[in-house]
Amino acid sequence: RGDPVHVSNGKQEPMAFRGRVQAAGSSLAYLYQLAYSDTTWSYVSLRGQNGYSINADQTSYGKYWFTPIIEVSDPSVFQWSYRSAANRYNYSLKIPLSKNTAFNLQQAMQRDLKTYFGYEVVLEERMMPCWKLVRRDSAERLLRLTTPGKGYAMEVLPDGSYSYTNAITRDIIRQLGTFYGHGMTDHGMLPKEDIAPYIVETGITKEFDFILPLGYKKDFGMMLRQIRSLGLDLDKSKKLMKVVVIRDPKPL
(Lines give C-alpha, C1' and ligand atoms only; values in the text may rest on other atoms or scores of the structure.)
Protein backbone atom coordinates (compact mmCIF):
# COMPACT_ATOMS: atom_id res chain seq x y z
CA ARG A 1 0.00 0.00 0.00
CA GLY A 2 2.30 2.74 -1.18
CA ASP A 3 5.61 0.94 -0.60
CA PRO A 4 8.05 1.81 -3.43
CA VAL A 5 8.99 -1.85 -3.88
CA HIS A 6 6.39 -4.55 -4.41
CA VAL A 7 7.10 -7.67 -2.35
CA SER A 8 5.75 -11.11 -3.21
CA ASN A 9 6.16 -14.19 -0.98
CA GLY A 10 8.84 -12.40 1.02
CA LYS A 11 11.12 -11.87 -1.99
CA GLN A 12 11.67 -8.74 -4.02
CA GLU A 13 10.25 -9.15 -7.52
CA PRO A 14 12.46 -8.72 -10.62
CA MET A 15 12.93 -5.17 -11.84
CA ALA A 16 10.81 -5.82 -14.96
CA PHE A 17 7.73 -6.53 -12.85
CA ARG A 18 7.84 -3.37 -10.76
CA GLY A 19 5.64 -0.36 -11.46
CA ARG A 20 3.35 -2.40 -13.67
CA VAL A 21 -0.18 -3.74 -13.90
CA GLN A 22 -0.80 -6.49 -16.44
CA ALA A 23 -4.21 -8.09 -17.00
CA ALA A 24 -5.19 -10.40 -19.86
CA GLY A 25 -8.70 -11.52 -20.76
CA SER A 26 -10.10 -9.88 -17.64
CA SER A 27 -13.64 -8.82 -16.93
CA LEU A 28 -14.40 -5.13 -16.56
CA ALA A 29 -15.51 -5.72 -12.97
CA TYR A 30 -12.09 -7.21 -12.15
CA LEU A 31 -10.30 -4.16 -13.55
CA TYR A 32 -12.47 -1.87 -11.44
CA GLN A 33 -11.77 -4.02 -8.38
CA LEU A 34 -8.02 -3.67 -8.97
CA ALA A 35 -8.32 0.08 -9.42
CA TYR A 36 -10.53 0.89 -6.44
CA SER A 37 -10.30 -1.90 -3.86
CA ASP A 38 -7.51 -2.65 -1.41
CA THR A 39 -4.15 -3.53 -2.95
CA THR A 40 -3.32 -6.34 -0.54
CA TRP A 41 -3.92 -10.06 -1.05
CA SER A 42 -7.68 -10.74 -1.34
CA TYR A 43 -7.69 -14.42 -0.36
CA VAL A 44 -7.30 -16.25 2.93
CA SER A 45 -3.86 -15.72 4.42
CA LEU A 46 -1.39 -18.49 3.64
CA ARG A 47 0.44 -20.93 5.85
CA GLY A 48 3.14 -23.34 4.67
CA GLN A 49 4.67 -26.55 5.96
CA ASN A 50 7.48 -24.61 7.62
CA GLY A 51 5.04 -22.47 9.55
CA TYR A 52 5.55 -19.37 7.38
CA SER A 53 2.41 -17.35 6.98
CA ILE A 54 1.16 -14.06 5.63
CA ASN A 55 -0.17 -12.11 8.58
CA ALA A 56 -3.96 -11.85 8.61
CA ASP A 57 -3.61 -8.06 8.75
CA GLN A 58 -1.86 -8.14 5.37
CA THR A 59 -4.88 -9.42 3.49
CA SER A 60 -8.13 -7.70 2.56
CA TYR A 61 -10.05 -10.99 2.86
CA GLY A 62 -13.26 -10.44 4.79
CA LYS A 63 -12.62 -6.70 4.95
CA TYR A 64 -13.35 -5.81 1.31
CA TRP A 65 -16.11 -7.47 -0.74
CA PHE A 66 -14.42 -9.51 -3.41
CA THR A 67 -16.20 -8.05 -6.46
CA PRO A 68 -17.80 -4.70 -7.34
CA ILE A 69 -21.52 -4.09 -6.88
CA ILE A 70 -22.92 -3.11 -10.29
CA GLU A 71 -25.68 -0.48 -10.10
CA VAL A 72 -25.89 0.65 -13.72
CA SER A 73 -28.87 0.87 -16.07
CA ASP A 74 -27.24 -1.44 -18.65
CA PRO A 75 -25.02 -4.06 -16.96
CA SER A 76 -24.44 -6.06 -20.16
CA VAL A 77 -20.86 -4.76 -20.53
CA PHE A 78 -20.03 -6.45 -17.22
CA GLN A 79 -21.36 -9.85 -18.31
CA TRP A 80 -18.69 -12.27 -19.48
CA SER A 81 -17.76 -15.93 -19.77
CA TYR A 82 -14.52 -17.90 -20.01
CA ARG A 83 -15.97 -19.44 -23.18
CA SER A 84 -16.25 -16.13 -25.03
CA ALA A 85 -13.97 -13.23 -25.84
CA ALA A 86 -16.85 -10.77 -25.46
CA ASN A 87 -16.49 -8.21 -22.68
CA ARG A 88 -13.00 -9.37 -21.77
CA TYR A 89 -10.14 -6.90 -21.75
CA ASN A 90 -6.38 -6.76 -21.85
CA TYR A 91 -4.86 -3.96 -19.82
CA SER A 92 -1.24 -2.88 -19.48
CA LEU A 93 0.13 -0.08 -17.32
CA LYS A 94 3.72 0.90 -16.59
CA ILE A 95 4.84 3.88 -14.54
CA PRO A 96 8.34 5.21 -13.71
CA LEU A 97 10.06 3.35 -10.89
CA SER A 98 10.49 6.65 -9.06
CA LYS A 99 6.67 6.78 -8.76
CA ASN A 100 6.17 3.06 -8.15
CA THR A 101 3.55 2.94 -5.40
CA ALA A 102 0.24 1.11 -5.21
CA PHE A 103 -1.48 4.49 -4.83
CA ASN A 104 0.00 5.85 -8.08
CA LEU A 105 -0.81 2.66 -9.99
CA GLN A 106 -4.41 2.79 -8.83
CA GLN A 107 -4.74 6.49 -9.63
CA ALA A 108 -3.54 5.83 -13.18
CA MET A 109 -5.94 2.90 -13.57
CA GLN A 110 -8.83 4.99 -12.29
CA ARG A 111 -8.10 7.73 -14.81
CA ASP A 112 -7.95 5.18 -17.65
CA LEU A 113 -11.24 3.53 -16.66
CA LYS A 114 -12.91 6.92 -16.35
CA THR A 115 -11.66 7.90 -19.83
CA TYR A 116 -12.75 4.67 -21.54
CA PHE A 117 -16.00 3.82 -19.73
CA GLY A 118 -17.05 6.89 -17.75
CA TYR A 119 -18.70 5.16 -14.81
CA GLU A 120 -18.94 6.78 -11.41
CA VAL A 121 -17.28 4.68 -8.68
CA VAL A 122 -17.49 5.01 -4.92
CA LEU A 123 -16.11 2.96 -2.04
CA GLU A 124 -18.86 2.31 0.50
CA GLU A 125 -19.30 0.32 3.69
CA ARG A 126 -22.17 -2.15 3.59
CA MET A 127 -23.37 -5.15 5.55
CA MET A 128 -22.37 -8.04 3.31
CA PRO A 129 -22.95 -11.81 3.55
CA CYS A 130 -20.37 -14.01 5.22
CA TRP A 131 -19.98 -17.45 6.77
CA LYS A 132 -18.88 -17.41 10.40
CA LEU A 133 -16.96 -20.34 11.84
CA VAL A 134 -18.39 -20.70 15.34
CA ARG A 135 -17.90 -23.03 18.29
CA ARG A 136 -20.47 -25.33 19.83
CA ASP A 137 -20.50 -26.51 23.45
CA SER A 138 -18.54 -29.68 22.59
CA ALA A 139 -15.61 -27.90 20.95
CA GLU A 140 -13.29 -27.89 23.95
CA ARG A 141 -13.88 -31.62 24.46
CA LEU A 142 -13.40 -32.59 20.81
CA LEU A 143 -10.43 -30.41 19.81
CA ARG A 144 -7.33 -32.42 20.68
CA LEU A 145 -3.59 -31.96 20.17
CA THR A 146 -1.37 -35.05 19.95
CA THR A 147 2.05 -33.45 19.39
CA PRO A 148 2.36 -30.28 21.50
CA GLY A 149 5.20 -27.99 20.54
CA LYS A 150 5.99 -29.82 17.28
CA GLY A 151 4.76 -27.10 14.93
CA TYR A 152 2.20 -27.07 12.14
CA ALA A 153 2.27 -29.89 9.57
CA MET A 154 0.01 -31.35 6.91
CA GLU A 155 0.39 -34.81 5.39
CA VAL A 156 -1.58 -37.08 3.10
CA LEU A 157 -2.52 -40.34 4.82
CA PRO A 158 -2.55 -43.77 3.08
CA ASP A 159 -6.33 -43.59 2.56
CA GLY A 160 -5.96 -40.24 0.77
CA SER A 161 -7.29 -38.09 3.61
CA TYR A 162 -5.43 -35.01 4.80
CA SER A 163 -4.07 -34.81 8.33
CA TYR A 164 -3.42 -31.41 9.92
CA THR A 165 -1.45 -31.28 13.17
CA ASN A 166 -0.80 -28.31 15.44
CA ALA A 167 -3.33 -26.37 13.40
CA ILE A 168 -5.41 -23.31 14.27
CA THR A 169 -8.90 -22.30 13.22
CA ARG A 170 -7.49 -20.18 10.39
CA ASP A 171 -6.28 -23.41 8.75
CA ILE A 172 -9.89 -24.58 8.45
CA ILE A 173 -10.85 -21.19 7.02
CA ARG A 174 -8.03 -21.54 4.51
CA GLN A 175 -9.53 -24.76 3.14
CA LEU A 176 -13.06 -23.37 3.07
CA GLY A 177 -12.01 -20.15 1.39
CA THR A 178 -9.92 -21.96 -1.20
CA PHE A 179 -12.41 -24.58 -2.33
CA TYR A 180 -15.76 -23.04 -1.41
CA GLY A 181 -15.06 -19.36 -1.79
CA HIS A 182 -14.16 -16.90 -4.51
CA GLY A 183 -10.60 -18.10 -5.13
CA MET A 184 -9.24 -19.52 -8.35
CA THR A 185 -9.70 -23.12 -7.18
CA ASP A 186 -13.40 -22.73 -6.32
CA HIS A 187 -15.16 -25.77 -7.78
CA GLY A 188 -18.61 -24.18 -7.96
CA MET A 189 -20.00 -26.44 -5.25
CA LEU A 190 -22.02 -23.64 -3.67
CA PRO A 191 -24.75 -21.56 -5.31
CA LYS A 192 -23.61 -18.11 -6.39
CA GLU A 193 -25.62 -16.47 -3.60
CA ASP A 194 -23.73 -18.49 -0.98
CA ILE A 195 -20.26 -17.47 -2.12
CA ALA A 196 -18.95 -15.24 0.67
CA PRO A 197 -15.88 -14.85 2.90
CA TYR A 198 -15.37 -17.16 5.89
CA ILE A 199 -14.78 -15.40 9.20
CA VAL A 200 -13.42 -16.97 12.41
CA GLU A 201 -15.65 -16.26 15.40
CA THR A 202 -14.78 -19.20 17.66
CA GLY A 203 -12.67 -17.47 20.30
CA ILE A 204 -10.39 -20.54 20.15
CA THR A 205 -6.69 -19.71 20.10
CA LYS A 206 -5.17 -23.08 21.00
CA GLU A 207 -3.67 -25.48 18.47
CA PHE A 208 -5.40 -28.76 17.61
CA ASP A 209 -5.32 -31.66 15.15
CA PHE A 210 -7.95 -32.45 12.54
CA ILE A 211 -8.45 -34.66 9.49
CA LEU A 212 -10.24 -33.87 6.25
CA PRO A 213 -11.33 -36.98 4.33
CA LEU A 214 -10.53 -37.67 0.69
CA GLY A 215 -12.97 -35.77 -1.51
CA TYR A 216 -13.58 -32.82 0.81
CA LYS A 217 -12.42 -30.41 -1.88
CA LYS A 218 -15.47 -31.20 -4.01
CA ASP A 219 -18.06 -32.12 -1.38
CA PHE A 220 -19.20 -29.24 0.80
CA GLY A 221 -21.48 -31.54 2.79
CA MET A 222 -18.51 -33.73 3.69
CA MET A 223 -16.50 -30.69 4.69
CA LEU A 224 -19.32 -29.39 6.88
CA ARG A 225 -19.83 -32.75 8.60
CA GLN A 226 -16.13 -32.90 9.45
CA ILE A 227 -16.19 -29.37 10.85
CA ARG A 228 -19.17 -30.27 13.03
CA SER A 229 -17.38 -33.37 14.29
CA LEU A 230 -14.87 -30.97 15.89
CA GLY A 231 -17.57 -29.13 17.78
CA LEU A 232 -17.50 -26.26 15.28
CA ASP A 233 -20.10 -25.08 12.77
CA LEU A 234 -20.80 -22.55 10.04
CA ASP A 235 -23.47 -19.89 10.46
CA LYS A 236 -24.73 -17.60 7.72
CA SER A 237 -24.32 -14.03 8.84
CA LYS A 238 -23.38 -10.52 7.70
CA LYS A 239 -20.37 -8.31 8.31
CA LEU A 240 -19.56 -4.69 7.59
CA MET A 241 -17.19 -4.60 4.61
CA LYS A 242 -15.92 -2.05 2.15
CA VAL A 243 -17.49 -2.40 -1.29
CA VAL A 244 -16.63 -0.95 -4.70
CA VAL A 245 -19.91 0.37 -6.17
CA ILE A 246 -20.17 1.19 -9.88
CA ARG A 247 -22.93 3.55 -11.08
CA ASP A 248 -23.95 5.27 -14.31
CA PRO A 249 -22.06 8.43 -15.28
CA LYS A 250 -23.50 11.62 -13.86
CA PRO A 251 -25.42 13.66 -16.47
CA LEU A 252 -23.57 16.66 -17.86
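Residues numbered from 1 in each chain as written. Predicted model: local features only at pLDDT ≥ 70, side-chain atom pairs only at ≥ 80, totals over all residues. Heavy atoms only, no water.

Draft legend 1. Main features of unusual backbone geometry. The phi angle at asparagine 87 is positive, at roughly 60°, despite the residue not being glycine. Position of asparagine 87 among the secondary structure elements: in the loop between β4 (69-71) and β5 (88-94). Judged by relative accessible area, asparagine 87 falls into the partly exposed class, the value being 25%. (Helix = DSSP H or I, 4+ residues; strand = E, 2+ residues; numbered from the N terminus. Buried < 20%, exposed > 50% of the residue type's maximum accessible area, 1.4 Å probe, protein only.)

Draft legend 2. Expanded view of the sheet that holds strand β8 (residues 162-167). Spatially, 3 strands are ordered β7-β8-β10 in an open sheet, and the strand pairing comes out antiparallel. Strand pairing shows two members of the sheet lacking a second neighbour, β7 (153-156) and β10 (208-212), which therefore form its edges. Going across the sheet, the axis of each strand differs from the next one's by a mean of 15°, ignoring polarity. Pairing of β8 with β10 involves 4 bridges; the strand directions are antiparallel. For alanine 167, the partnering residue across the bridge sits in β10 and is phenylalanine 208. (Pairing = 2+ DSSP bridges. Axes fitted to C-alpha atoms, helices over the stretch in contact; angles between N-to-C directions.)

Draft legend 3. Structural detail: the nonpolar core. Of all hydrophobic cores here, the largest spans 40 residues; its most connected members are Ile172, Leu176, Tyr198 and Leu234. Contributions of two or more residues to this core are made by β6 (120-135), β8, α4 (169-179), β9 (198-200), β10, α5 (220-229) and β11 (232-247). Beyond its immediate sequence surroundings of up to four residues, tyrosine 198 is in contact with Tyr61, Trp131, Ile173, Leu176, Gly177, Tyr180, Gly181, Leu190, Phe220 and Leu234. Tyr91, Tyr119, Val244 and Ile246 belong to the second-largest nonpolar core, a separate cluster that totals 21 residues. (Core = buried A, V, L, I, M, F, W, Y, C linked by side-chain atoms within 4.5 Å. Contact = heavy atoms within 4.5 Å.)

Draft legend 4. The sheet that holds β4, seen in detail. The strand order across the open sheet formed by 4 strands is β4-β11-β6-β9, and the pairing between neighbours is mixed. The sheet terminates laterally at β4 and β9, the two strands that pair on one side only. Looking at each pair of strands side by side, their axes are set apart by 35° on average, direction ignored. Pairing of β6 with β11 involves 16 bridges; the strand directions are antiparallel. Paired with leucine 133 across the bridge in β11 is leucine 234. Contacting β6, β9 and β11, α4 crosses the sheet at an angle of about 175° to β9.

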